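# Analysis of the macromolecular model
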Amino acid sequence: MSNKKLSKSDATKNIINKEAKLSDTDFIVSKTDTKGSIIYCNEVFTKMAGYPASDLIGANHNLIRHPDMPKLAFKVLWDLVKDKKEFFGFVKNLMRNGGYYWVFAYITADLDANGNIISYTSVRRKPPQSAIDAIEPIYKLLVDAEKSGGMDASAKLLTNFLKENKTTYEELVINLQKGANI
Ligand SMILES: Cc1cc2nc3c(=O)[nH]c(=O)nc-3n(C[C@H](O)[C@H](O)[C@H](O)COP(=O)(O)O)c2cc1C
């Protein structure tokens, strides 16, 4: 028996347009080590992702990465948390059956008494439908830009979008989670 852990390459390639929704009272919680391998997940996580905890613990968090997510979102995430800052964002996650679920995610570094990063923690809840409706076309533009011009292209696009809308990434995300329109 192999004890090789699951990774993104083991995730289903059979993407289906089937959405699962978190309930209003659900929280999805997970923790990773400093490299992004899962060291803890709660029951709601296992239920939504569709894997037993025994498959998830030790696996890289990118096991549930959905191809509709722009690379830029994860760059923003890691740049912030490695810098001990908080990340807030909307994430479309891949289920084992090829379906997806949207979350509003909060991710932060866990520090020891000396301020060293020892792990990362994420808590997610259900986003309002208006936020998903607003963010989905933006992510599509970013993913398309990345296909032709890489992350430089998507970063430029996002910067221009924020400038045109006279907002910042943080402000946009918090307003969308409050149910506001862009
Ligand atoms: C605490 C924590 C939670 C994360 N949660 C998710 C998540 O729910 N979905 C996801 O796709 N990536 C999540 N990530 C980011 C992944 O580590 C990874 O950067 C992302 O899936 C993109 O992977 P890739 O660059 O290998 O494609 C999380 C990272 C951390 C530190």
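One can find the structure itself at the top, above this paragraph.
Let me sum up the structure you'll find in this document. Computed from a predicted model, the values in this text were never measured in an experiment.

The subject of this paragraph is the site of the ligand. Taken together, 15 residues sit near the ligand, with Lys-8, Asn-62, Arg-65, Trp-78 and Asn-93 positioned nearest. At 2.6 Å, a side-chain N or O of Lys-8 approaches an oxygen atom of the ligand. Taken by itself the ligand offers 620 Å² of open surface, and the protein chains cover 87% of this. Judged by the proximity of its atoms to the pocket grid, the ligand belongs to the largest pocket. Residue assignment for the shell around the ligand shows that the elements contributing at least two residues are α3 (71-82), β3 (87-94) and β5 (117-125). For the shell around the ligand, the leading source of residues is β5, giving 4 residues.

Structurally, Asp-33 is set in the loop between β1 (28-32) and β2 (38-41). For the pair Asp-33 and Gly-58, spaced 25 residues apart in the sequence, the C-alpha separation amounts to 9.1 Å. Ignoring anything within four residues of it in the chain, the contact list for Asp-33 reads Ile-39, Ser-119 and Tyr-120. Among the polar contacts listed, one links the side chain of Asp-33 to the backbone nitrogen of Lys-35, at a separation of 2.9 Å. In terms of polar contacts, Asp-33 uses its side chain to reach the backbone amide nitrogen of Gly-36, at 3.0 Å.

A few words on the layout of surface pockets. Taken as a whole, the largest pocket encloses approximately 480 Å³ of empty space. Together, 24 residues line the largest pocket, and His-61, Asn-62, Phe-74, Leu-77 and Trp-78 are the ones closest to its centre. Contributions of two or more residues to the lining of the largest pocket are made by β1, α3, β3, β4 (100-111) and β5. For the lining of the largest pocket, the element with the highest residue contribution is α3, accounting for 5 residues. Of the residues in the lining of the largest pocket, the class split is 10 nonpolar, 9 polar and 5 charged. Approximately 170 Å³ is the volume attributed to the second largest pocket. In terms of lining residues, the second largest pocket is bounded by Pro-67, Asp-68, Lys-92, Trp-102, Glu-136, Tyr-139, Lys-140, Val-143, Asp-144 and Lys-147. Ranked by residues supplied to the lining of the second largest pocket, first place goes to helix α4 (residues 129-164) with 6 residues.

Reading the values: the criteria
Residues numbered from 1 in each chain as written. Predicted model: local features only at pLDDT ≥ 70, side-chain atom pairs only at ≥ 80, totals over all residues. Heavy atoms only, no water. Near = heavy atom within 4 Å. Polar contact = N/O pair within 3.5 Å; in protein donor to acceptor, adjacent residues only side chain to side chain. Areas by Shrake-Rupley, 256 points an atom, 1.4 Å probe, with all protein chains shown as cover. 1 Å grid on protein atoms, 1.4 Å probe; cavity = no way out; pocket = protein on both sides within 12 Å on 5 of 7 lines; lining within 4 Å. Sits in = over half its atoms within 2 Å of the grid points. Helix = DSSP H or I, 4+ residues; strand = E, 2+ residues; numbered from the N terminus. Contact = heavy atoms within 4.5 Å. Points joined across faces, edges and corners; volume = space filled by probe spheres on them. Nonpolar A, V, L, I, M, F, W, Y, C, P; charged D, E, K, R; others polar.

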